[in-house]
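Structural description and commentary
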Amino acid sequence: SVRPPRSLDSKPHRFYEAPELAALYAACQLAVNGGEGPQPNPAHVPAWKLYANTGMRRMEGLHLRWRDVGADALRIVSTGEERTKSGEWREIPLSDGARDALDRLRAAGGDHVLPQIHPESLSRGFVRDARRAGLDGSLHTLRHTYISHLVRAGVPLRTVQIYAGHAHYHTTEQYAYLSPGMAPAQVSRMAL
């Protein structure tokens, strides 16, 4: 009944910059090993792009249905069998990148937006593509990417909290160091 000590490690979340995302998308489409053996899957591009442009968690993406995708936003719903981490529903506005991903995914048809595969298979597929692109991180890094870019764009932290579905504001505050103006010019001119 004794709990292990709380980890005291503290570091900023890893997120991808635009050139890294471009490398990730390209790695899904290039033949490897002269075309011999397992090859990258170009169908991964819209899936990774959707996660990067919405900040959905892995299971939120796998549970997302077309009926929850509107013209301007997608709705993440929480039900008994498909519960979100916070247990709350939320709406995420659609960016141009999310719209592009959804347009490409719509061609596959079906009730769900993403192909219904085992969650671990989805995560492994992402790691393979990321390593092929020379990147570290996991599928969850795409969530950090979305949140980090919202903060860097100056979106208020409370709004970021709502879009990300963070139950606690403290979780969103961990990204505050990325906010514009966090290091005002006045600080750099100080000489005490």
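The following paragraphs examine the structure supplied in this document. (Residues numbered from 1 in each chain as written. Predicted model: local features only at pLDDT ≥ 70, side-chain atom pairs only at ≥ 80, totals over all residues. Heavy atoms only, no water.)

**Considerations on a nonpolar patch on the surface**
Residues V187, M190 and L192 make up a contiguous nonpolar surface patch of roughly 400 Å² in combined accessible area. Along the chain, V187 turns up in helix α9 (residues 185-188). (Patch = residues over 30% accessible without salt bridge, like charges linked within 9 Å, V, L, I, M, F, W, Y side chains within 5 Å. Areas by Shrake-Rupley, 256 points an atom, 1.4 Å probe, with all protein chains shown as cover. Salt bridge = Lys/Arg side-chain N within 4 Å of Asp/Glu carboxyl O. Helix = DSSP H or I, 4+ residues; strand = E, 2+ residues; numbered from the N terminus.)

**Topic: the nonpolar core**
Grouped together as the largest cluster of nonpolar side chains are 43 residues, with contacts concentrated most on L24, W48, L50, Y51, L74 and L142. Of the residues forming this core, the biggest block, six residues, is contributed by helix α2 (residues 44-54). Those residues in contact with Y51 that lie beyond four places of it in its chain are M56, R57, R58, G61, L62, L114, L122, L139 and L142. (Core = buried A, V, L, I, M, F, W, Y, C linked by side-chain atoms within 4.5 Å. Buried < 20%, exposed > 50% of the residue type's maximum accessible area, 1.4 Å probe, protein only. Contact = heavy atoms within 4.5 Å.)

**Re helix α7 (residues 157-164)**
Because each turn of an α-helix spans 3.6 residues, side chains separated by three or four positions in sequence point in the same direction. For α7, the complete set of buried residues consists of L157, V160, Q161 and A164. Axial view of α7: buried residues confined to an arc of 105°, hence all on one face. (Arc of directions from axis to C-beta.)

**Things to note about helix α1 (residues 18-27)**
Burial in α1 covers these residues: L21, L24, Y25 and A27. The buried residues of α1 all sit within an arc of 160° when viewed along its axis, so they share a single face. Buried residues along α1 sit against α2, α5 (119-132) and α6 (140-152).

**Here we look at the pairing of strand β2 (residues 90-93)**
Burial along β2 is one-sided: the face carrying R90 and I92 is buried and the face carrying E91 and P93 is not. Two elements, strand β1 (residues 73-76) and β2, share four bridges in a ladder whose sense is antiparallel. From the neighbouring strand, I76 faces β2, where its bridge partner is R90. (Pairing = 2+ DSSP bridges.)

**Focus on the pattern of salt bridges**
Under the criterion given, the structure shown has 13 salt bridges. Residue E20 pairs with R14 through a salt bridge whose shortest N-O separation is 2.9 Å. You can call R14 partly exposed: its relative accessible area is 29%. Note that R106 and D103 form a salt bridge whose closest N and O atoms lie 3.5 Å from each other. Taken together, the residues R106 and D103, both in helix α4 (residues 96-106) and three residues apart, mark about one turn of the helix. Connected through shared salt-bridge partners, R14, E20 and D136 make up one network.

**Regarding the packing of α2 against α4**
α4 packs onto α2 with a crossing angle of 150° between their chain directions and a minimal axis gap of 8 Å. Comparing their axes, α4 and α2 come out roughly antiparallel. The crossing of α2 and α4 is left-handed. Of α4, the residues touching α2 (which contributes V45, P46, A47, K49, L50, N53 and T54) are G97, A98, D100, A101, L102, R104 and L105. (Axes fitted to C-alpha atoms, helices over the stretch in contact; angles between N-to-C directions. Parallel < 35°, antiparallel > 145°, perpendicular 65-115°, else oblique. Left-handed = near helix turned anticlockwise from the far one by under 90°.)

**Concerning the environment of L24**
Topologically, L24 is positioned in helix α1. It is 7.8 Å that separates the C-alpha atoms of L24 and R132, two residues lying 108 residues apart in sequence.

**Structural notes on the packing of aromatic side chains**
For the structure on display, the rule yields two aromatic pairs. Between Y16 and F126, the aromatic rings sit 6.5 Å apart at their centres with planes inclined by 35°, giving tilted as the arrangement. With a gap of 110 residues between them, Y16 in the segment before α1 and F126 in helix α5 connect regions that are remote in the sequence. The exposure class of F126 is buried, given its relative accessible area of 0%. Residues W48 and F126 carry aromatic rings whose centres are separated by 5.2 Å and whose planes lie at 85° to one another, so their mutual orientation is edge-to-face. (Phe/Tyr/Trp six-rings, centres within 6.5 Å; stacked < 30°, edge-to-face > 60°.)

**A look at the environment of H168**
When you line up the elements, H168 lands in the loop between α7 and α8 (169-173). Put simply, H168 and R65 are 103 residues apart on the chain and 26 Å apart in space, counted from C-alpha to C-alpha.

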